[in-house]
Amino acid sequence: FRRVLFRSKSFAAFFCQAKEELIVFNNLLASLNDFLYSYILIFLLVAAGIYFSIRTKFVQFRLISDAIKALKEKAEKNDNGKSVSSFQALMISTASRVGTGNIAGIATAIVAGGPGAVFWMWVMAIVGGASAFVESTLAQVYKVKDGKEFRGGPSYYIERALGKRWLGILFSILLIACFAYGFNGLQTYNMSSALEYYIPNYSDTILPAVVGLLIAAATAFVIFGGVHRIGFISSVIVPIMAGIYILMGIFITLTNLDRVPEMFSLIFEGAFDFRAIFGGFAGSTVLIGIKRGLFSNEAGMGSAPNASATATVSHPVKQGMVQVLSVFIDTLMICTTTAFILLLSGVTGIPEKLDGIPYVQAAISANVGSLGIHFITFSIFAFAFTSLIGNYYYAESNILFIKNNRILLNVFRITCLIAIFLGAQADFSTVWNLADVLMGFMAIENILVIFLLGGIAFKVLDDYTKQKKQGIDPVFKAKNVGLNNTDTWK
């Protein structure tokens, strides 16, 4: 009995020590998080968006109709009768973008930064569309053939255009850590927390572990099926769920039309409250809006190009424009839907009490009753699951960049599933801070790289525009813009 008692005390001491170390780690992450976004990333993001908008003559608006046309094009089948169409590539990237960040992330932003944070998310999407165009066009230019499929992304254009493989490997490591472990842990956490409404003391039971195990098993079924299964699942679930979710937002808006002017007043007053902005910039409305906007739409971050590279198109600009659409769908449509649901509900979020998913559930319950809560729970699971597989695909492409080895890939898949399992039982603030820090480092490297390589994207865009003016469907040949370091466009 004494031995058992001694061991139980030892275990208790161990867990107390682990909890204290977790608090210290979380505080360190929070400090690093504030520094990255307050003094580095916010300026890089805004500067990149403005610069690329001007240099491309606001391509994110000018060629938006071309993006819609590109979605209708069917990809030519490769030797095994399969290919990833422009639409499927859009859905893979949108699957990663459209996740719990569009629901829980917006709730967190409004609670922490006020309604004004919504305005700055809109700004990030509009300006960031040009950055998304440049990075995704570069990914198409420098994509490589992997057997009978394509893959690519920032690591690939860093290696081929800059000739620095070590820098490409660094980006791959950051992306793998961010998406496979940080973001996927966060998605699973939000899925799990959605069940707190139904089960008293949910987090104190064994159920989070059971939920994590079930989500990991479902993810395993998809990721071991390859990119085509990922593309198929994404192209089916994402449009259906996004459409239903937006219709719910429209219904709530129409039933609260009398409160809409007040809502916009709150958004714009909060966005331009300069005393609040500059009084404490690290926690300001602007910073929170940009941070949550980046987490949601990923413009300039270097993630979506991994999906862009998989598409079979006749010209890189077509897929570059398609990714602009993905940014707009994510932020201007789905994030705005969540914001309207929250701000028209009359429910006020409270930090650490009514935040994230519980805040959204309370808001939609105030609008449409308990049925809305069940819908939000289902939406969370659907959006988060597609994000899990979209995030995994990004990470897989970068594992293959580092070393194309089947054993390594399978070991990596297992570690991804473990991260998903553990995420369902994680701490809220630690998961968010870790995801934000990893995302920040990724974005910094990618933005600096696309600043250096932007000239190539501008030449490719000029080639596309020239062919359009001649009345022909643009077809890209690398030699026409003076490139001889591509594998695909010879």
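The rules behind the values
- Residues numbered from 1 in each chain as written.
- Predicted model: local features only at pLDDT ≥ 70, side-chain atom pairs only at ≥ 80, totals over all residues.
- Heavy atoms only, no water.
- Helix = DSSP H or I, 4+ residues; strand = E, 2+ residues; numbered from the N terminus.
- Expected span 1.5 Å × (residues − 1).
- Bend = angle between axes of the 7 residues up to and from the residue.
- Buried < 20%, exposed > 50% of the residue type's maximum accessible area, 1.4 Å probe, protein only.
- pLDDT = per-residue confidence, 0-100.
- Contact = heavy atoms within 4.5 Å.
- Patch = residues over 30% accessible without salt bridge, like charges linked within 9 Å, V, L, I, M, F, W, Y side chains within 5 Å.
- Areas by Shrake-Rupley, 256 points an atom, 1.4 Å probe, with all protein chains shown as cover.
- Salt bridge = Lys/Arg side-chain N within 4 Å of Asp/Glu carboxyl O.
- Axes fitted to C-alpha atoms, helices over the stretch in contact; angles between N-to-C directions.
- Parallel < 35°, antiparallel > 145°, perpendicular 65-115°, else oblique.
- Nonpolar A, V, L, I, M, F, W, Y, C, P; charged D, E, K, R; others polar.
- Phe/Tyr/Trp six-rings, centres within 6.5 Å; stacked < 30°, edge-to-face > 60°.
- Lys NZ or Arg CZ within 6 Å of the ring centre and 35° of its normal.

**Points about helix 8 (residues 165-193)**
It helps to recall that an α-helix has 3.6 residues per turn; residues three or four apart then point in one direction. Counted at 1.5 Å a residue, the expected span for helix 8 with its 29 residues is 42 Å, and the 40 Å between its end C-alpha atoms agrees. At Cys 178, helix 8 shows its largest bend, some 30°. Within helix 8, 22 of the 29 residues are buried, which leaves the element mostly enclosed by the surrounding structure.

**A few points about unusual backbone geometry**
Even without a glycine there, the phi angle at Lys 57 is positive, about 55°. Topologically, Lys 57 is positioned in the loop between helix 1 (2-55) and helix 2 (59-62). Judged by its relative accessible area of 62%, Lys 57 is exposed. Of note in this structure, Phe 58 is not a glycine but carries a positive phi near 55°. Secondary-structure assignment places Phe 58 in the loop between helix 1 and helix 2. Owing to a relative accessible area of 42%, Phe 58 belongs among the partly exposed residues under this scheme.

**So, the confidence of the model for the chain**
Residues of the chain with pLDDT of at least 70 account for 78%, and the chain-wide mean is 78. The model gives residues 77-81 a pLDDT under 50, and that stretch makes six contacts with residues more than four places away or in other chains. The low-confidence segment residues 278-283 (pLDDT under 50) makes nine contacts with residues lying over four places distant or belonging to another chain.

**Thoughts on a nonpolar patch on the surface**
On the surface, Val 46, Ile 50, Ile 54, Phe 58, Phe 61, Ile 126, Leu 332 and Met 333 cluster together into a nonpolar patch covering about 670 Å² of accessible area. Only helix 1 and helix 15 (316-343) provide two or more residues apiece to the nonpolar patch. Among the elements that make up the nonpolar patch, the one with the highest residue count is helix 1 (three residues).

**Quick look at the packing of helix 3 (residues 64-72) against helix 15**
Two measures define how a pair of helices packs: the angle their axes make with one another and the distance between the axes. Where helix 3 meets helix 15, the closest approach of the two axes is 8 Å, and the angle between their N-to-C directions is 100°. Considering their axes alone, helix 3 and helix 15 lie roughly perpendicular with respect to each other. Together, Ile 64, Ala 67, Ile 68, Ala 70 and Leu 71 of helix 3 and Lys 318, Met 321, Val 322, Leu 325 and Phe 328 of helix 15 make up the contact between the two elements. Here the residues of the contact of helix 3 with helix 15 are counted per class, giving nine nonpolar, no polar and one charged.

**Section: the packing of aromatic side chains**
Here the structure, examined in full by the defined rule, presents 15 aromatic pairs. Seen from their ring centres, Phe 119 and Trp 120 are 5.1 Å apart, and the 85° between their planes marks the pair as edge-to-face. Classification of Trp 120 as buried rests on a relative accessible area of 16%. Between Phe 476 and Trp 489 the ring centres are 5.5 Å apart and the planes differ by 75°, which places this aromatic pair in the edge-to-face class. With a gap of 13 residues between them, Phe 476 in the segment after helix 19 (428-469) and Trp 489 in the segment after helix 19 connect regions that are remote in the sequence. Of the two residues, Phe 476 and Trp 489, both sit in the buried class. Taken together, the ring pairs in this structure connect Phe 119, Trp 120, Phe 264, Phe 268 and Phe 340 into an aromatic cluster. Its guanidinium or amino end placed over the ring of Phe 150, Lys 143 lies 4.1 Å from that ring's centre, counting from NZ or CZ. It is Arg 165 that lies over the ring of Phe 401; its NZ or CZ is 4.6 Å from the centre.

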